[in-house]
Amino acid sequence: SLNGNNNISLDREHQIKVLNLIRNEITSISAFTTDTLEKEIFDPKSVIDKCIKLQNKAISKKQLLLKLNNDDIIPEIYADKVRFAQIINGLIGRALEFIPDKTELAIELSVKQKNNQQFFQFIVTDNGYGISEEDRQAMLNFSGISREITGIDLPIESIKKLIILHHGTLEINDQHGVGSTIIAS
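Predicted model only: the values in this text are computed from it and were never measured. (Residues numbered from 1 in each chain as written. Predicted model: local features only at pLDDT ≥ 70, side-chain atom pairs only at ≥ 80, totals over all residues. Heavy atoms only, no water.)

Here we look at the side chain of Asp126
Right, on to step 1. Along the chain, the position of Asp126 falls in strand β5 (residues 117-126).
Right, on to step 2. No salt bridge is formed by the buried Asp126; its nearest oppositely charged neighbour, Lys62, is found at 9.7 Å.
Right, on to step 3. Apart from the residues lying within four places of it in its own chain, the contact partners of Asp126 are Ile99, Glu104, Leu105, Val178, Gly179 and Ser180. (Helix = DSSP H or I, 4+ residues; strand = E, 2+ residues; numbered from the N terminus. Buried < 20%, exposed > 50% of the residue type's maximum accessible area, 1.4 Å probe, protein only. Lys, Arg positive; Asp, Glu negative; His and termini not counted. Salt bridge = Lys/Arg side-chain N within 4 Å of Asp/Glu carboxyl O. Contact = heavy atoms within 4.5 Å.)

Right under this line is the structure:
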């Protein structure tokens, strides 16, 4: 409510919610300005499930068919959980930006092995119209943070930076008129 000084007055419960929201936003934004990771062991599948729920409104609005494929056993990983969620939300957000309505969005989680080392792989595939060269350049040159869908959708170069900080790779394979596949390993 507004008091006589044009200040907003919130009850204790709402104050705590607002302060937690501000703290979470500051944590998210500050993660973009530092190259340090706060690694911990966590279940990547549960983080990805939360990210999909965050993007569910946009998925529903576009009337997309969502296919989620997982390996039977996805082990816990040692990574920065906040940045991992930012990567996943960013990849899904980028796909949602470039996918036409009423098409299919597939998300795959798997564990791969190379040179006797296991690594986690996250793949986003759509059967939309693919990414034209012009749109690909727009993706790569985008230099802001968008709040249009939900949460923070990162530009692709920021997603790539976060993946590289985790010693990973990012591939974008697309065929204009057929669809796109984005692979984060």
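Here we look at the packing of aromatic side chains
Right, on to step 1. Enumeration over the complete set of coordinates arrives at 2 aromatic pairs.
Right, on to step 2. Pairwise contacts between aromatic rings join Phe42, Phe84 and Phe120 into one cluster. (Phe/Tyr/Trp six-rings, centres within 6.5 Å; stacked < 30°, edge-to-face > 60°.)

Quick notes on the confidence of the model for the chain
Right, on to step 1. Averaged over every residue, the pLDDT of the chain is 78; residues scoring 70 or more account for 75%.
Right, on to step 2. Within the chain, the element-level pLDDT minimum falls on helix α4 (residues 133-141), averaging 62, and the maximum on strand β1 (residues 39-42), averaging 94.
Right, on to step 3. Segment residues 142-152 is flagged for pLDDT under 50; beyond a separation of four residues in sequence, or across chains, it makes 23 contacts in the model. (pLDDT = per-residue confidence, 0-100.)

Describing the pattern of salt bridges
Right, on to step 1. Summed over the entire model, instances satisfying the criterion amount to 3 salt bridges.
Right, on to step 2. Note that Lys62 and Asp101 form a salt bridge whose closest N and O atoms lie 3.3 Å from each other. In this pair, Lys62 sits in the loop between α2 (44-61) and β2 (65-70) while Asp101 sits in the loop between α3 (81-98) and β4 (104-114), placing the two residues 39 residues apart along the sequence.

Remarks on the nonpolar core
Right, on to step 1. Among the nonpolar cores identified, the biggest contains 34 residues, and Ile48, Phe84, Leu91, Leu96, Phe120 and Phe122 are the most heavily contacted of them.
Right, on to step 2. Secondary-structure elements contributing two or more residues to this core are α2, β3 (77-80), α3, β4, β5, α5 (156-165) and β7 (179-184).
Right, on to step 3. Once residues lying within four places of it in the same chain are set aside, the contact partners of Ile48 are Phe84, Ile88, Leu109, Phe120 and Phe122. (Core = buried A, V, L, I, M, F, W, Y, C linked by side-chain atoms within 4.5 Å.)

Regarding the environment of Asp126
Right, on to step 1. Its relative accessible area of 11% is what places Asp126 among the buried residues.
Right, on to step 2. As a C-alpha pair, Asp126 and Leu64 span 62 residues in sequence and 9.8 Å in three-dimensional space.

Some points on the environment of Arg94
Right, on to step 1. Tracing the backbone through its elements, the reader meets Arg94 in helix α3.
Right, on to step 2. Residues Arg94 and Ile159, spaced 65 residues apart in sequence, show a C-alpha to C-alpha distance of 10.0 Å.

Looking at unusual backbone geometry
Right, on to step 1. A positive phi is found at Lys102, a non-glycine position, where the angle reads about 60°.
Right, on to step 2. Mapped onto the elements of the fold, Lys102 is located in the loop between α3 and β4.
Right, on to step 3. Under the relative-accessibility criterion, Lys102 is labelled exposed at 62%.
Right, on to step 4. Phi at Asn115 is positive, roughly 50°, even though this residue is not glycine.
Right, on to step 5. Along the chain, Asn115 falls in the loop between β4 and β5.

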